[in-house]
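What follows is the residue order along each chain.
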Amino acid sequence: MDIKRTNIRALRKALDSKEISAAELCGEYFKRIEDADPRLLSYITVTKEKALQDAEKAQAVINAGNSAPLTGIPLAVKDNICIDGVRTTCASKMLENFIPPYNAAVIEKLNAQGYVLLGKTSMDEFAMGGSTQTSAFAKTRNPYDLERVPGGSSGGSAAAVAAGLAPAALGSDTGGSIRQPASFCGVTGIKPTYGRVSRYGLVAFASSLDQIGPIANDARDCALLLNAICGHDRHDATSANVDTPDFSEKIGKPISGLKIALPKEFFSDAVEPAVKQHVLDASKELEKRGAVLVDCSMPGLKYAVPAYYLIACAEAASNLSRFDGIKYGFRGEGRTYEELIRDSRSRGFGEEVKRRILLGNYALSSGYYDAYYKKALALKQEIIKEYNDIFGIADVILTPTAPTPAYKIGEQDNDPVKMYMADICTVTVNIAKLPAVSTTCGYTENGLPVGMSIIGRRFDETTVLQVADEWENGFAPISPKL
Ligand code: GLN
């Protein structure tokens, strides 16, 4: 069976028709991992033994004719999502040997359907970054060009799906970490509305922005996975107690009359011309299929990156204060309590994580709070208001996912501000708690994927997935050569 770019629905059919067994199927993926991952570096941990046990259990369910959509389906999970008994590192030396004694809520839900875990995928350390190059263990490469980054922070998940080392994966998105790597690796990823998916068991980066979501070969698989992982959870105080629709309910329905807004600031000179052109061409194609294009403006976009980094770093500084080398995680040396904590944190965290803790504590300290953090909160309200205004005249918003395609490894290493600015197209979605899907809209002259994002109203994942699917219908993705 050719597993490259094979979607979950096709795997479901193959399993239910007994064309392949669950154990054989995960065996195919492990073969692919053994062959390609030494070059791709998408996994931190591969869980072969557990997978074969899971597959056997799933097979019994399939044989009894009781398959759920994910029974026996192999999946990869980003290494900041806790799985009972499986090492969860957050790609940090701080958690190198951390084995959680419990499952994240999303893992409980996947278990209930009998999925098969392939392994834990690499990421930027503690999900801080957009390149997966700050991983302490596996600096993942882009499967379309091994000299380039896969994006981040869920770069391992996106690269693994693109190269056929998993049919789909879970990622997390605080400021673009599902959408941007999906865009760099030519796959589809959705950041659900904040509160749609429980954060219980997701190692926190910035709690008011973090959200778990799927990365898959297409929008239909994203809908299927979102159906599996969503829902209210009493273990997460910010989990939304709202009805959960079938996220594929609008898939295949015509988009005629649907209003798509194109805020002009997302098409400024900060975005590479080739990227802009691909997204605009896609908007024209959607117009041909019946959508109505609406021009609009989002003046607050120019404040989005500073507002995001202030909020995200402030929350990160607070969340990461729990890593003291005493309760769990990396333990340094020291004669006194203070020395021990200082040494553990100095050596356990990487440079980018420490930079953000410093920034966050600075912004929250007395005397600076009003000047920075409070201003960032005011900008947050402004961004929310501007989105509300646009959703008064349109159903969805179309933007590039990132200003450039995947860049060369090392290119942005010495310029954190440049790297932060590259998040301009994605961070407002997290600030406003909206759902957004990224899908491939074209390829550059040298064959690199270009992604576009479809942003929806809060809790309107069904419409963004409908539009993404409509687009994917007429689009033939190109697999990487790897
Ligand atoms: N690139 C952004 C950052 O570095 C987003 C990270 C994320 O979404 N986890 O903060």
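Colleague: Could you clarify how one ought to interpret the overall build of the protein chain in this entry?
Modeller: Looking only at helices and strands, the protein chain features 15 helices and eleven strands. Scaling as 2.2 N^0.38, a compact globule of 482 residues should have a C-alpha radius of gyration of about 23 Å, and the protein chain matches this with 21 Å. Taken along its principal axes, the extent of the C-alpha atoms in the protein chain is 65 × 55 × 45 Å. Counting over 482 residues, the protein chain shows a buried share of 61%. Put simply, 75% of the contacts in the protein chain that link residues at least 6 apart link residues at least 24 apart. When the accessible surface of the protein chain is summed, it comes to about 18100 Å², and 51% of that surface belongs to carbon and sulfur atoms. For the protein chain, the centre of its 55 positive side-chain charges and the centre of its 58 negative side-chain charges are spaced 2 Å apart.

Colleague: Got a minute to help me understand the nonpolar core in this structure?
Modeller: The nonpolar side chains of a soluble globular protein tend to be buried, and buried together. Ile81, Val106, Ile107, Leu110, Phe126 and Tyr387 are the most contacted members of the largest nonpolar core, which has 152 residues in total. In this view, Leu110 contacts Leu70, Leu75, Tyr115, Leu170, Ala228 and Ile229; residues no more than four positions away in its chain are not counted.

Colleague: What's the story with helix 3 (residues 48-63) in this structure? I'm lost.
Modeller: Within an α-helix, residues lying three or four positions from one another point in the same direction, as the helix has 3.6 residues per turn. Under the 1.5 Å per step criterion, the end-to-end length of helix 3 is 22 Å for 16 residues, consistent within 8% with the ideal 22 Å. Listed in full, the buried residues belonging to helix 3 are Ala51, Asp54, Ala55, Ala58, Gln59 and Ile62. Down the axis of helix 3, the buried set is contained in an arc of 150°. They therefore lie on one face. For helix 3, the exposed residues set more than 90 degrees away from the buried face come down to Glu49, Glu56 and Lys57. The inward-facing, buried residues of helix 3 contact helix 1 (8-16), helix 2 (22-40) and strand 3 (116-121).

Colleague: Where do I start with unusual backbone geometry in this structure?
Modeller: Leaving glycine aside, a negative phi is the common case for residues, and trans is the common case for peptide bonds. Along the chain, Gly152 connects to Ser153 via a cis peptide bond; the corresponding omega equals 10°. The topology assignment puts Ser153 in the loop between strand 3 and helix 5 (155-162). The phi torsion at Thr132 lies on the positive side, around 65°, for a residue other than glycine. Mapped onto the elements of the fold, Thr132 is located in the loop between strand 3 and helix 5. By relative accessible area, Thr132 is classed as buried at 0%.

Colleague: Sorry, what's going on with the site of the ligand here?
Modeller: Lining the immediate environment of the ligand, one finds 14 residues, of which Thr174, Gly175, Ser177, Tyr308 and Arg356 sit closest. Here an oxygen atom of the ligand and a backbone polar atom of Gly129 are 3.0 Å apart. With respect to the ligand, the side chain of Asp423 contributes an N or O atom lying 3.0 Å from a nitrogen atom. For the ligand, the accessible surface in isolation is 290 Å², of which the surrounding protein chains cover 99%. Residues of the shell around the ligand, tallied by class, amount to five nonpolar, six polar and three charged.

Colleague: Would you mind going over a nonpolar patch on the surface with me for this structure?
Modeller: On the surface, Tyr362, Tyr368 and Tyr372 cluster together to form a nonpolar patch covering roughly 290 Å² of accessible area. By secondary structure assignment, the location of Tyr368 is in the loop between helix 11 (351-364) and helix 12 (373-393). You can call Tyr368 partly exposed: its relative accessible area is 36%.

Colleague: Whenever I open this one, the packing of aromatic side chains confuses me. Can you help?
Modeller: A ring pair, where both rings are aromatic, is described by two values, the distance of the centres and the angle of the planes. Summed over the entire model, instances satisfying the criterion amount to 17 aromatic pairs. Ring plane angle 55° and centroid distance 5.2 Å describe the contact between Phe126 and Phe323, whose orientation is recorded as tilted. Of this pair, Phe126 sits in the loop between strand 3 and helix 5 while Phe323 sits in the loop between helix 9 (304-319) and helix 10 (337-348); the two residues are 197 residues apart in sequence, bridging distant segments of the chain. Of the residues examined, Phe126 reaches a relative accessible area of 3% and is grouped as buried.

Colleague: Where do I start with the pairing of strand 5 (residues 188-191) in this structure?
Modeller: The side chains of a regular strand alternate between the sheet's two faces. Here strand 5 shows two buried faces, one formed by Thr188 and Ile190 and the other by Gly189 and Lys191. Of the pairings in the sheet, the one linking strand 5 to strand 10 (residues 436-443) comprises three bridges and is antiparallel in character. Counterpart to Ile190 in the pairing with strand 10 is Val437.

Colleague: I tried to follow the pattern of salt bridges on my own but got confused; where do I start?
Modeller: Pairing is possible between side chains of opposite charge, provided their charged atoms come close. Scanning the model with the defined rule gives 27 salt bridges in all. Residue Arg335 pairs with Glu339 through a salt bridge whose shortest N-O separation is 3.2 Å. You can call Arg335 exposed: its relative accessible area is 74%. Here Arg355 makes a salt bridge to Glu352, at a shortest N to O gap of 2.8 Å. Residue Arg355 and its partner Glu352 are both found in helix 11; the two are separated by three residues, about one turn of the helix. The class for Arg355 is partly exposed, based on a relative accessible area of 28%. The buried category is assigned to Glu352, whose relative accessible area is 6%. What you see here is one network of salt bridges that share partners, running through Glu285, Lys288, Arg289 and Glu470.

Colleague: I'm lost on the sheet that holds strand 2 (residues 74-78) in this one. Help?
Modeller: Paired through backbone hydrogen bonds, the strands of a sheet run either parallel or antiparallel to each other. Taken in spatial order, the eleven strands make up an open sheet running 1-3-2-4-6-5-10-11-9-7-8, and their pairing is mixed. The sheet is open, and its two edges are formed by strand 1 (43-46) and strand 8 (292-296), each paired on a single side. Averaged over all pairs of adjacent strands, the angle between strand axes in this sheet comes to 30°, irrespective of strand direction. Sitting on the sheet, helix 12 is in contact with strand 7 (259-263), strand 8, strand 9 (396-400) and strand 11 (449-456), with an inclination near 120° to strand 9.

Colleague: Teacher, can you tell me more about the side chain of Gln466 here?
Modeller: Mapped onto the elements of the fold, Gln466 is located in helix 15 (residues 461-473). At 3.3 Å, the side chain of Gln466 forms a polar contact with the backbone oxygen of Pro254.

Colleague: Hey, could you run me through the pairing of strand 11 in this one?
Modeller: Among the eight residues that make up strand 11, eight are buried, leaving the element largely enclosed by the rest of the structure. Residues Pro449, Gly451, Ser453 and Ile455 line one face of strand 11 and the alternating positions Val450, Met452, Ile454 and Gly456 line the opposite face, and both faces are buried. The sheet contact formed by strand 9 and strand 11 spans five bridges and is antiparallel. Following the sheet pairing, Val396 is matched in strand 11 by Gly456. Of the pairings in the sheet, the one linking strand 10 to strand 11 comprises seven bridges and is antiparallel in character. Its bridge partner lying in strand 11, Ala436 is registered against Ile455. Hairpin geometry of strand 10 and strand 11 is characterised by an intervening segment of five residues between the two adjacent antiparallel strands and by a positive phi of about 80° at Gly447.

About the cut-offs
All chains use their own residue numbering, which begins from 1 and follows the written sequence. This being a predicted model, a pLDDT of at least 70 is required before a residue's local features are given, and a value of 80 or more before pairs of side-chain atoms are given or counted; all residues contribute to the totals for chains, interfaces and linings. Excluding hydrogens and water, the side-chain values take into account all heavy atoms of the structure. Secondary structure elements are taken from DSSP: a helix is a run of H or I of four residues or more, a strand is a run of E of two residues or more, and numbering for both begins at the N terminus. Restricting the calculation to C-alpha atoms gives the radius of gyration, and the globule rule supplies 2.2 Å times the number of residues raised to the power 0.38. For every residue, the accessible area obtained with a 1.4 Å probe (protein chains only) is divided by the maximum for its type, and the residue is called buried under 20%, exposed over 50%, and partly exposed between those limits. Working rule for contacts: check all heavy atoms of both residues, and any pair within 4.5 Å makes them a contact. Here the accessible surface of atoms and residues is derived via Shrake-Rupley with a 1.4 Å probe, and residues count as covered only by protein chains that are part of the display. We count Lys and Arg on the positive side and Asp and Glu on the negative side, and we leave His and both chain ends out. By convention, charge coordinates are those of NZ in Lys, CZ in Arg, CG in Asp, or CD in Glu. The set of buried Ala, Val, Leu, Ile, Met, Phe, Trp, Tyr and Cys residues whose side-chain atoms join them within 4.5 Å is what this entry labels a nonpolar core. Every helix has an expected span of 1.5 Å times one less than the residues it contains. This arc is built from the directions going out from the helix axis to the C-beta atoms. Here a residue is near a molecule or strand as soon as one of its heavy atoms is found within 4 Å of it. Side-chain atoms alone can form a polar contact between residues adjacent in sequence; in general such a contact is a pair of N or O atoms within 3.5 Å, and within protein one must be able to donate a hydrogen while the other accepts it. By the convention adopted, Pro, Cys, Tyr, Trp, Phe, Met, Ile, Leu, Val and Ala count as nonpolar, Lys, Arg, Asp and Glu as charged, and the other residues, Gly among them, as polar. Each patch groups residues whose relative accessible area exceeds 30% and which form no salt bridge, using 9 Å between like charges and 5 Å between nonpolar side chains of Val, Leu, Ile, Met, Phe, Trp and Tyr. We count a salt bridge whenever a side-chain nitrogen from Lys or Arg sits within 4 Å of a carboxyl oxygen from Asp or Glu. In this analysis, rings of Phe, Tyr and Trp, with Trp reduced to its six-membered ring, are considered paired at centre separations within 6.5 Å, and the interplanar angle assigns stacked below 30 degrees, edge-to-face beyond 60, and tilted for intermediate values. By definition, two strands form a pair when at least two bridges between them are found by DSSP. Axis lines are fitted to C-alpha atoms, over the contacting stretch for helices. Their N-to-C directions set the angle, which ranges from 0 to 180 degrees.

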